[in-house]
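Analysis of the macromolecular model
Here's the letter readout for the chains.
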Amino acid sequence: MGESNYYIGLMSGTSIDSIDAALIEISDNKTQLIANHSEDIPRALKNALLNLCSPGADEITRMGTADHQLGKLFAKATNTLLTKSQLTAKDIYAIGSHGQTIRHLPESSTPFTLQIGDPSIISHDTGICTVADFRRSDMAAGGQGAPLAPAFHQAAFSHPKKHRVIVNIGGMANITSLNALKPALGFDTGPGNCLLDYWAQQHINQSFDTNGDWGASGKMIPALLEKCLADPYFQRRPPKSTGREHFNPAWLSMLLNDEKYLPVDVQTTLTALTARSISNDIKALEDSVDEVFICGGGAHNSALIDSIGSELASIPVNSTEPLGIAADWVEAAAFAWLAHQTLNNRPANLPSVTGANKACVLGAIYPV
């Protein structure tokens with residue numbers, strides 16, 4: 001394989017609002033974002049995917065339908081990105097597709113994870129070799145199968161002298177600790193945007209709280225925040241990962257317990273929950289942190305970012321854009337990079353992050 005290659009990464013995260021497609025060039029082990037595209041997920045498909053995140057009737061048929069539809073949509077996002085970039089399939093070495101997680105149970109007696117979005121359809125409809133199903137190799141080696149982005153964060157964002165923390169705030173939030181003197185550490189801190197988005201949809205009829213403005217206008221409920229933070233997940237030591245199987249509307253409803261809180265005050269408290277859980281885990285790291293960089297959709301929630309900044313006090317907090325990749329495209333770029341690792345037969349999980357018993361080459365390859 002040559003020293004310079006184009007790869008496309010496809011990411012549909014826990015928020016299930018859109019497919020992010022990122023075109024990167026990998027040259028001399030350096031990653032450069034070349035172009036990007038965001039493809040909206042139609043409301044009917046989003047609802048179908050959300051319904052698949054918990055048990056229900058006729059799951060296999062519903063899953064198969066969504067798998068096909070999402071594969072088509074991933075392919076459409078890729079082809080639109082190629083058109084925007086004035087490139088063709090022949091210019092791209094491979095696609096790395098994360099798929100859409102509909103179940104992630106690493107702590108089960110029979111641990112498993114399931115991502116859908118048919119990669120055979122992606123490779124067929126784009127004419128580009130596709131790599132997918134990245135998480136299960138790590139789980140077979142005893143790992144959590146998540147988070148996988150820290151290996152990319154280490155490759156793209158580490159500094160030889162500074163202790164950096166990369167915070168990704170999607171539906172769930174995770175952090176990557178990059179200390180040049182130690183192995184990288186990374187894990188899910190808990191809910192990111194998922195509860196905030198759900199509550200905004202229920203009470204202000206918006207898919208998300210724009211800029212966090214609604215949440216910023218309320219008052220935090222200390223007793224509710226304390227109940228949320230008492231969840232055992234926040235006390236667990238890494239490696240750990242989580243998802244909608246745990247932090248979901250039913251979890252929130254149980255904690256609200258029919259209390260007559262003002263909806264806006266609940267939103268303010270959920271913002272504090274995301275900020276506090278992230279900040280607590282950063283402050284609990286063994287070594288002092290020099291810089292924090294934030295990526296993912298949560299980077300646009302000004303109230304959330306301000307709250308994290310206040311919690312971390314003297315530690316500078318910024319988006320990943322000064323590091324070369326804008327906040328919205330880091331995770332998609334990560335899966336493009338993961339495809340590059342796979343096709344070069346290089347391990348791409350970090351056992352220090354996932355808890356796997358060895359470094360593994362990840363993913364399954366779907367040739368054209």
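Let me begin by describing the structure that accompanies this report.

1. Some details on unusual backbone geometry
Along the chain, Ala 146 connects to Pro 147 via a cis peptide bond; the corresponding omega equals -15 degrees. Positionally, Pro 147 belongs in the loop between helix H4 (135-140) and helix H5 (149-157). Across the junction of Pro 238 and Pro 239, the peptide omega takes the value 10 degrees, indicating a cis bond. Its place among the elements puts Pro 239 in the loop between helix H9 (232-235) and helix H10 (249-256). Of note in this structure, Asn 257 is not a glycine but carries a positive phi near 50 degrees. Note that Asn 257 resides in the loop between H10 and helix H11 (263-283). Asn 257 sits in the exposed class, given a relative accessible area of 51%. You will see that Asn 345, though not glycine, has its phi angle at about 60 degrees, which is positive. The residue Asn 345 is located in the loop between helix H13 (330-343) and helix H14 (351-354) in this model.

2. Concerning the packing of aromatic side chains
The tally for this structure, following the rule as stated, stands at 9 aromatic pairs. Between Phe 247 and Trp 251 the ring centres are 4.9 Å apart and the planes differ by 75 degrees, which places this aromatic pair in the edge-to-face class. Judged by relative accessible area, which is 0%, Phe 247 ranks as buried. Residue class for Trp 251 comes out buried when judged on its relative accessible area of 6%. Clustering of aromatic rings is evident, with ring pairs tying together Tyr 233, Phe 234, Phe 247 and Trp 251. One cation-aromatic arrangement involves Lys 240 over Tyr 233; the distance from NZ or CZ to the ring centre is 4.4 Å.

The rules we used
- Residues numbered from 1 in each chain as written.
- Predicted model: local features only at pLDDT ≥ 70, side-chain atom pairs only at ≥ 80, totals over all residues.
- Heavy atoms only, no water.
- Helix = DSSP H or I, 4+ residues; strand = E, 2+ residues; numbered from the N terminus.
- Buried < 20%, exposed > 50% of the residue type's maximum accessible area, 1.4 Å probe, protein only.
- Phe/Tyr/Trp six-rings, centres within 6.5 Å; stacked < 30°, edge-to-face > 60°.
- Lys NZ or Arg CZ within 6 Å of the ring centre and 35° of its normal.

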